[in-house]
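# Remarks on the overall topology
Residue strings, one per chain:
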Amino acid sequence: MKLYDSHTSPNPRRVRIFLAEKGIAVEKIAVNLAEREQLTPAYRAINSRCVVPTLVLDDGTALGEVPAICRYIEETHPEPPLFGRTPLERAVAAMWERRVELEGLFPGMELLRNANPALKDRAITGPRNYAQIAELAERARARLSDFFADLDARLAETRFVAGESFSFADITAVVAIDFAAKRSGIAMPEGLPALARWYAAVSSRPSMSA
Ligand SMILES: N[C@@H](CCC(=O)N[C@@H](CS)C(=O)NCC(=O)O)C(=O)O
């Protein structure tokens, strides 16, 4: 397998951490987003959405979209489970991962993409250009603040985001938090003890530096 990757971006990091947790090594090919390599005909032929990550399988099949890529890895390498073991655990893990993606990662991307002058006309990823809307960046700040508070409330009840075991939901949550801090200067707020306890535990896992 080959992973088309970018070390400056959150979505490929989700897959790198997932692979590291599974103990799977794959060839990684860097795509230079700053130079718009994702929009070249050569990369478009691999992923017509012009985004990273893309996982190319040994038979040449190209898989895009992080949840689909991670689901494939989970089904082909079930141990250790990162989507839960029972049907109920799997549904709960998928539910929390989706919530974290929608409520934490997407607002972080919305903030950066509508505020960073380097992304002018690139407010939405993909093959087409869209103009920035400054109000969306402001709204994203409020959504991130709510995300931190809601995640703290959840983690006051459970050890990890989806329950008592580490899962894909924790990976997306750490990536969303680090991305907001590193790229938009929105640090995890003080005074949220459950969130702080969980973040210290999960961010020290060796996979997080993948
Ligand atoms: N929904 C996609 C999102 C992928 C995505 O947005 N990737 C970003 C990097 S985090 C990208 O490729 N950006 C290219 C660009 O900025 O044009 C997924 O789950 O893989």
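Up top is the structure these notes are about.
The model shown is predicted, which means the values in this text are computed figures rather than measured ones. (Residues numbered from 1 in each chain as written. Predicted model: local features only at pLDDT ≥ 70, side-chain atom pairs only at ≥ 80, totals over all residues. Heavy atoms only, no water.)

### So, the packing of helix α4 (residues 87-115) against helix α5 (residues 134-155)
At their nearest, the axes of α4 and α5 sit 7 Å apart, and the two run at 150 degrees to each other. By the angle between their axes, α4 is roughly antiparallel relative to α5. In this structure, α4 crosses over α5, and the sense of that crossing is left-handed. For the pair α4 and α5, contact is made by Val92, Trp96, Val100, Leu102, Glu103, Gly104, Pro107, Gly108, Glu110, Leu111, Asn114 and Ala115 and by Ala134, Leu136, Ala137, Arg139, Ala140, Arg141, Arg143, Leu144, Phe147 and Arg154, respectively. Of the residues contributing to the contact of α4 with α5, the split by class is 13 nonpolar, three polar and six charged. (Axes fitted to C-alpha atoms, helices over the stretch in contact; angles between N-to-C directions. Helix = DSSP H or I, 4+ residues; strand = E, 2+ residues; numbered from the N terminus. Parallel < 35°, antiparallel > 145°, perpendicular 65-115°, else oblique. Left-handed = near helix turned anticlockwise from the far one by under 90°. Contact = heavy atoms within 4.5 Å. Nonpolar A, V, L, I, M, F, W, Y, C, P; charged D, E, K, R; others polar.)

### Considering the site of the ligand
Surveying the vicinity of the ligand reveals 15 residues, the closest of which are Gln38, Val52, Glu65, Arg113 and Arg122. Interatomic distance of 2.8 Å between a side-chain N/O atom of Arg122 and an oxygen atom of the ligand. Between the ligand and Thr125 there is a distance of 3.5 Å, counted from an oxygen atom to a side-chain nitrogen or oxygen. When isolated, the ligand has an accessible area of 520 Å², and the protein chains bury 90% of it. Elements that contribute at least two residues to the shell around the ligand include exactly α1 (10-22), α3 (66-76) and α4. Of the residues forming the shell around the ligand, the biggest block, three residues, is contributed by α1. Of the residues in the shell around the ligand, the class split is eight nonpolar, four polar and three charged. Counting only domains with at least three residues in the shell around the ligand, you end up with domain 1 (2-76) and domain 2 (87-209). (Near = heavy atom within 4 Å. Polar contact = N/O pair within 3.5 Å; in protein donor to acceptor, adjacent residues only side chain to side chain. Areas by Shrake-Rupley, 256 points an atom, 1.4 Å probe, with all protein chains shown as cover. Domains from an automatic or database assignment.)

### Re helix α6 (residues 168-184)
When the terminal C-alpha atoms of α6 are compared, their 23 Å separation across 17 residues agrees well with the 24 Å that a helix rising 1.5 Å per residue should span. In the stretch just after α6, Gly185 is the one whose phi turns positive, near 65 degrees. (Expected span 1.5 Å × (residues − 1).)

### With respect to α1
If you check α1, its first and last C-alpha atoms are 19 Å apart, about what 13 residues at 1.5 Å a residue would give, namely 18 Å. Among the 13 residues of α1, 12 are classified as buried, and the element is accordingly described as predominantly covered. Of all the residues in α1, the buried ones are Pro10, Asn11, Pro12, Arg13, Arg14, Val15, Arg16, Ile17, Phe18, Leu19, Glu21 and Lys22. Among the residues trailing α1, Gly23 stands out with phi positive, at a value near 75 degrees. (Buried < 20%, exposed > 50% of the residue type's maximum accessible area, 1.4 Å probe, protein only.)

### Considerations on the packing of aromatic side chains
In this structure the tally under the stated criterion is seven aromatic pairs. Ring centres 5.5 Å apart and planes at 85 degrees place the aromatic pair Phe18 and Phe168 in the edge-to-face group. One end of the pair, Phe18, is in helix α1; the other, Phe168, is in helix α6, with 150 residues separating them in the sequence. The exposure class of Phe18 is buried, given its relative accessible area of 0%. Between Phe83 and Phe168 the ring centres are 5.3 Å apart and the planes differ by 50 degrees, which places this aromatic pair in the tilted class. Pair noted here: Phe83 is in the loop between α3 and α4 and Phe168 is in helix α6, with a separation of 85 residues, a long-range link. Pair check on accessibility: Phe83 and Phe168 agree, each one buried. Grouped by ring-pair contacts, the aromatic residues Phe18, Phe83 and Phe168 constitute a single cluster. If you follow Arg71 out to its NZ or CZ, it ends over the ring of Phe83, 4.2 Å from the centre. (Phe/Tyr/Trp six-rings, centres within 6.5 Å; stacked < 30°, edge-to-face > 60°. Lys NZ or Arg CZ within 6 Å of the ring centre and 35° of its normal.)

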